[in-house]
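Below are the chains, spelled out letter by letter.
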Amino acid sequence: MPVRRLAHPPRPTSEEAASIPKPRDGAPGERGGRTAAGNAGLRLDIQGLRAVAVSLVAFAHAGVAPVAGGYIGVDVFFVISGFLITSLMLREHRREGKIALGRFYARRALRLLPASTLVVMATLAGSWLFLGPLRFADYAKDAIASAWYVVNFRLADAGTDYFNTDVPPSPFQHFWSLAVEEQFYLIWPILLIVALKLFRRRALLALPLLALAAGSFAVNLHLTETSPSWAYFGSQGRIWELAVGAVLALAADRLDDIPRPVAAVVSWAGLGAIAYGAVVFDDSTRFPGHNAIVPVFGAAAVLACGAAGGRWGAGSLLSLRPAVWVGGVSYAWYLWHWPLILLVPAAAGFGEHDGPLRLIAALCGIPLAWLTLHLIENPMRFHRAFKARAGRGLVLGLGLSAVTACVAVVAAQFPPQLDEGVARQKTQQVLAKAADPRAALTELLEQKVDKLPSNLSPSMRDTAYKRSKVYTDDCALTMTGTVQTQPCLYGDTKADRSVVLFGDSHVAQWFPALDAIAKKHHWRLYSLTKNACKVAQITIEYNKGPYSTCDDWRKVTIEKILKMKPELVITSSSNSAKLWGDGDIAEAWGKGQAETYRILQHGRTRVMTILDTPWPKNNAVDCATAHSSDLSACARDRSEADPKPEVTKAIKAAADAEGVTIVNPYDWVCAPSGNCPVVVGNTMVYRDYGHLADGYVKALTPVVEDKLLRLFGEDLRKRPGA
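In this report, the structure presented in the accompanying data block is examined.

## Re the overall build of the chain
Okay, so step 1: If you tally the helices and strands in the chain, you get 30 helices and 13 strands.
Okay, so step 2: Here the C-alpha radius of gyration of the chain, 29 Å, is about what a compact globule of 722 residues would show, namely 27 Å.
Okay, so step 3: Across its three principal axes, the chain shows a C-alpha extent of roughly 95 × 50 × 40 Å.
Okay, so step 4: Split into buried and exposed, the 722 residues of the chain put 57% on the buried side.
Okay, so step 5: For the chain, restricting intrachain contacts to residue pairs at least 6 apart in sequence, the fraction spanning at least 24 positions comes to 83%.
Okay, so step 6: Of the roughly 28900 Å² that the chain leaves accessible, carbon and sulfur atoms contribute 59%.
Okay, so step 7: Separation between the mean location of the 77 positive side-chain charges and that of the 63 negative ones in the chain comes to 7 Å.

In structure tokens, the structure reads:
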């Protein structure tokens, strides 16, 4: 797959002000020695930096194009958090000679959990009301994972699924960075305590932290190349960013010694780096990887020099009252903005065409954040019942997480229901009993289905989530795989004649029909497929680089097929891809396809190519769920259903030139009138944004069987056209 497009929500925090050197007289961090919060020495420029970060990410998520890279706010917040939390622990150690872990975690629980629990509950309710039943069970699991700070692992794992490319983001996705932070704070306080016992010099305290940061950064670089979703969501490749802030905190006593002109320049350079990332980066940027250095060191520069730069430094801008106010509500605004962006357009019925409503929804999070701060966060955080009783804070935190998880479990047992119409003809049954399956299919395609049938089969959830054997048996290689370790042999495994499926997921989608046909007519069926890998001898782009594992797999697989000497090789590929390097994609694809045909088709082996299937407008199951009473909103005309018609034309020309049999599946999916529906009879046609549903392909078995027998005969010896 093209890697699933990821939402990039940060999780700002607003921890207790760290004890740091006061700025020079006249520096923006000091207003009469006290802040609006009443804490001497509070760095107002840090509050302003929070405001910049949360504003960038909120606007980016709202679709404000000039700041498409606003997701770098997460990196800024990680650095701020590492700086302030480490400063807080060092202050406690200086004051009391120790760091009390129980009190540390109690403060974290009281600071974060009351507000996050409220948002999780509200988001769960909004998801039930407005996001439909199809993915509600997953959202409930995300709520549970958010409550226990492990949602980042769920998201990272989901991002490795090829078929999650076009799945809508979870309304709980923004909790991933909270999970990363809390996972970091499970280990860093312990490392700091040990380091404080072993080393007296402040410089030596940085050694374990630098080792942790170096290892994490190396993991980040590796994962960005090999597993982008784990690079983004996984804590192992992110904790170096918090570590940078923590290292800076160890040097906090020296920050005021930086010459004012130097500090001013560095602080503005840091703020400029953040602005550069927000404006230049976008969803196509390979991130985090080395690009994360830009916002991380930009934030570090502002933290180091924002106050020391005096009135000429960036701190003078960041300390303005509006910025400080927004920074004060940044955590709660962040919690609210993402679910509002998803839920408000869904509630309004705008769907994909929400336009400026996303921005309005994000901005509505600001008053909600203010109310949350004053009615939930501060009353719980500063309540006298918890001031001197760390145990109470921990019990409250565990209780809130447990209650949230229980509510999510119960909610999952009572998902919302779809609006349904009347029962429809059973597609599989009709085609199986028809004397002329092709004519019966045409009749079904012409019947207009406005509402989801009450007897939909398979169910919508099974359609979207269940996979055929080639996937459950690990016979469809992932993007990184190069060697097929499983036998991947189906059909009649003891038969003499063989058929091979060769290509990407758009040939694997035909497996349910071909497996049944192979069993009936005593063919061995080998499935040799790799996600997004084309049979043409071309190199396509993947993750901003060449899809080299595809080239390696294709070479090995063709050699394997030649040794097998099958009677028939059935090829197909999605024709949606980007060529790596320069050149005309249609021309390159045609030449590459012809080369593969020439290699495979000789001796007794014949090749048949199934052209790519028509593509729906978007993710068909999500569209049908959202428009269950008006399925015509999800249908598409066949004239618009080919994303790369020039590639299809080139494949046809290559097949004709090499004497390869062509099968065009459009007439199996679209009516003669040109309408390509998402429901035929009582069966969903698609399972996602571009793959046919297993249930529909299984129903098509008689149609596909008739075509194969006409072309090649039951014993596979017939020559097409003979």
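## Brief notes about the packing of aromatic side chains
Okay, so step 1: With the rule as written, the count across this model stands at 18 aromatic pairs.
Okay, so step 2: Plain terms: the ring middles of tyrosine 490 and phenylalanine 511 are 4.8 Å apart, the flat faces sit at 75° to each other, and that makes the pair edge-to-face. With tyrosine 490 in strand β2 (residues 489-491) and phenylalanine 511 in helix α23 (residues 511-521), this residue pair connects regions lying 21 residues apart in the sequence.
Okay, so step 3: Of the residues examined, tyrosine 490 reaches a relative accessible area of 8% and is grouped as buried.
Okay, so step 4: For phenylalanine 511, a relative accessible area of 3% gives the class buried.

## Re helix α25 (residues 585-600)
Okay, so step 1: A rise of 1.5 Å per residue sets the reference length of α25, with its 16 residues, at 22 Å; its end C-alpha atoms lie 22 Å apart and thus fit the reference within 8%.
Okay, so step 2: Inspection of α25 places Ile585, Ala586, Trp589, Gly590, Gly592, Gln593, Ala594, Thr596, Tyr597 and Leu600 among the buried residues, and these make up the whole buried set.
Okay, so step 3: Looking at the buried side of α25, the elements it contacts are β3 (497-503), α24 (548-564), β7 (568-572), β8 (606-610) and α27 (645-658).
Okay, so step 4: Structurally, the start of α25 carries an N-cap: the backbone nitrogen of alanine 586 is 3.3 Å from a side-chain oxygen of aspartate 584.

## Brief notes about the state of the cysteines
Okay, so step 1: With the rule as written, the count across this model stands at 4 disulfides.
Okay, so step 2: Here cysteine 623 engages in a disulfide with cysteine 634; their sulfurs sit 2.1 Å apart. The sign of the -95° torsion about the S-S bond sets the cysteine 623-cysteine 634 disulfide as left-handed. A residue pair is termed long-range when its members are at least 10 positions apart, and cysteine 623 in helix α26 (residues 620-626) and cysteine 634 in the loop between α26 and β9 (636-637) qualify at 11 residues. When sorted by exposure, cysteine 623 lands in the same class as cysteine 634, which is buried.
Okay, so step 3: Residue pairing for cysteine 670: its cysteine sulfur links by disulfide to cysteine 676, the two sulfurs lying 1.9 Å apart.

## Some thoughts on the nonpolar core
Okay, so step 1: Formed by 102 residues in total, the largest nonpolar core has its most connected members in Leu49 and Trp176.
Okay, so step 2: Tyr547, Cys670, Val680 and Tyr686 belong to the second-largest nonpolar core, a separate cluster that totals 101 residues.

## Structural notes on the pattern of salt bridges
Okay, so step 1: Across all of its chains, the model carries 30 salt bridges by this definition.
Okay, so step 2: The salt bridge partner of arginine 108 is glutamate 181, with a shortest N-O separation of 3.5 Å. Residue arginine 108 is found in helix α3 (residues 101-130), and its partner glutamate 181 is found in helix α6 (residues 176-198); the two are separated by 73 residues along the sequence.
Okay, so step 3: Residue glutamate 181 is classed as buried on the basis of its relative accessible area of 0%.
Okay, so step 4: Because the salt bridges share partners, they merge into one network encompassing Glu92, Arg95, Glu96, Arg103 and Arg107.

## Topic: the side chain of arginine 554
Okay, so step 1: Residue position: arginine 554 is located in helix α24.
Okay, so step 2: Arginine 554 sits in the buried class, given a relative accessible area of 4%.
Okay, so step 3: Here the side chain of arginine 554 touches alanine 536 through a polar contact of 3.0 Å, landing on its backbone oxygen.
Okay, so step 4: Here isoleucine 538 takes part through its backbone oxygen, which lies 2.9 Å from a polar atom of the side chain of arginine 554.
Okay, so step 5: Once residues lying within four places of it in the same chain are set aside, the contact partners of arginine 554 are Phe502, Lys534, Val535, Ala536, Gln537 and Ile538.

## Observations concerning the pairing of strand β4 (residues 523-530)
Regular strands have side chains that alternate between both faces of the sheet.
Okay, so step 1: Counting buried positions over the 8 residues of β4 gives 7, a clear majority of the element.
Okay, so step 2: In the sheet, strand β1 (residues 476-477) pairs with β4 via 2 bridges, with the strands oriented parallel. Bridge assignment links leucine 477 to a residue of β4, and that residue is lysine 530.
Okay, so step 3: Pairing analysis gives 3 bridges linking β2 to β4, with the strands arranged antiparallel. The residue bridging tyrosine 490 from the neighbouring strand is leucine 525, located in β4.
Okay, so step 4: Pairing between β3 and β4: 7 bridges, direction parallel. Each bridged residue has a counterpart across the sheet, and for serine 498 the counterpart in β4 is arginine 524.

## Describing the side chain of threonine 605
Okay, so step 1: Inspection of the secondary structure puts threonine 605 in the loop between α25 and β8.
Okay, so step 2: A distance of 2.6 Å separates a polar atom in the side chain of threonine 605 from the backbone oxygen of proline 566.
Okay, so step 3: With sequence-adjacent residues up to four places away left out, threonine 605 is seen in contact with Lys565, Pro566, Glu567, Val569 and Leu600.

## Some points on the pairing of β3
Okay, so step 1: Across the 7 residues of β3, 7 count as buried, placing the element largely inside the fold.
Okay, so step 2: Across the two faces of β3 the burial is the same, with Arg497, Val499, Leu501 and Gly503 and Ser498, Val500 and Phe502 all buried.
Okay, so step 3: Here β3 runs beside β7; their pairing, made up of 5 bridges, is parallel. Counterpart to valine 499 in the pairing with β7 is leucine 568.

## Structural notes on α24
Because each turn of an α-helix spans 3.6 residues, side chains separated by three or four positions end up pointing in the same direction.
Okay, so step 1: Compared with an ideal rise of 1.5 Å per residue, which puts 17 residues at 24 Å, α24 spans 25 Å between its outermost C-alpha atoms and is within 8% of the ideal.
Okay, so step 2: When α24 is considered as a whole, its buried residues turn out to be Thr549, Cys550, Trp553, Arg554, Thr557, Ile558 and Ile561. Buried residues along α24 cover an arc of 155° about the axis, so they all sit on one side. Set apart from the buried face of α24 by more than 90 degrees, the exposed residues are Lys555 and Lys563.
Okay, so step 3: The inward-facing, buried residues of α24 contact β1, β3, β4, β7 and α25.
Okay, so step 4: After α24 finishes, the residue lysine 565 shows a positive phi value of roughly 50°.

## Some thoughts on the packing of helix α10 (residues 260-280) against helix α11 (residues 293-305)
Okay, so step 1: Where α10 contacts α11, the two axes come as close as 7 Å, and the packing angle between them is 150°. Relative to α11, the element α10 lies roughly antiparallel. You can see that α10 and α11 cross each other, and the crossing is left-handed. Touching Ala263, Val266, Ser267, Gly270, Leu271, Ala273, Ile274, Tyr276 and Gly277 of α10 are Val294, Pro295, Gly298, Ala299, Ala301, Val302 and Cys305, all from α11.
Okay, so step 2: Partitioning the contact of α10 with α11 into residue classes produces 12 nonpolar, 4 polar and no charged.

## Some remarks on the environment of leucine 124
Okay, so step 1: One can find leucine 124 in helix α3.
Okay, so step 2: Exposure remark for leucine 124: the relative accessible area of 5% places this residue in the buried category.
Okay, so step 3: Sequence separation between leucine 124 and alanine 411 is 287 residues; the distance between their C-alpha atoms is 8.3 Å.
Okay, so step 4: Setting aside its immediate chain neighbours within four residues, leucine 124 contacts Phe136, Ala140, Ala143, Phe172, Val407, Ala408 and Ala411.

## Re unusual backbone geometry
Okay, so step 1: Here phenylalanine 287 and proline 288 are connected by a cis peptide whose omega angle stands at 10°.
Okay, so step 2: Along the chain, the position of proline 288 falls in the loop between α10 and α11.
Okay, so step 3: Going from serine 457 to proline 458, the amide bond is cis rather than trans, its omega being -5°.
Okay, so step 4: Relative to the helices and strands, proline 458 is located in the loop between α19 (437-446) and α20 (460-465).

The rules behind these values
Residues numbered from 1 in each chain as written. Predicted model: local features only at pLDDT ≥ 70, side-chain atom pairs only at ≥ 80, totals over all residues. Heavy atoms only, no water. Helix = DSSP H or I, 4+ residues; strand = E, 2+ residues; numbered from the N terminus. Rg over C-alpha atoms; globule rule 2.2 N^0.38 Å. Buried < 20%, exposed > 50% of the residue type's maximum accessible area, 1.4 Å probe, protein only. Contact = heavy atoms within 4.5 Å. Areas by Shrake-Rupley, 256 points an atom, 1.4 Å probe, with all protein chains shown as cover. Lys, Arg positive; Asp, Glu negative; His and termini not counted. Charge placed at Lys NZ, Arg CZ, Asp CG, Glu CD. Phe/Tyr/Trp six-rings, centres within 6.5 Å; stacked < 30°, edge-to-face > 60°. Expected span 1.5 Å × (residues − 1). Polar contact = N/O pair within 3.5 Å; in protein donor to acceptor, adjacent residues only side chain to side chain. Disulfide = S-S within 2.5 Å. Core = buried A, V, L, I, M, F, W, Y, C linked by side-chain atoms within 4.5 Å. Salt bridge = Lys/Arg side-chain N within 4 Å of Asp/Glu carboxyl O. Pairing = 2+ DSSP bridges. Arc of directions from axis to C-beta. Axes fitted to C-alpha atoms, helices over the stretch in contact; angles between N-to-C directions. Parallel < 35°, antiparallel > 145°, perpendicular 65-115°, else oblique. Left-handed = near helix turned anticlockwise from the far one by under 90°. Nonpolar A, V, L, I, M, F, W, Y, C, P; charged D, E, K, R; others polar.

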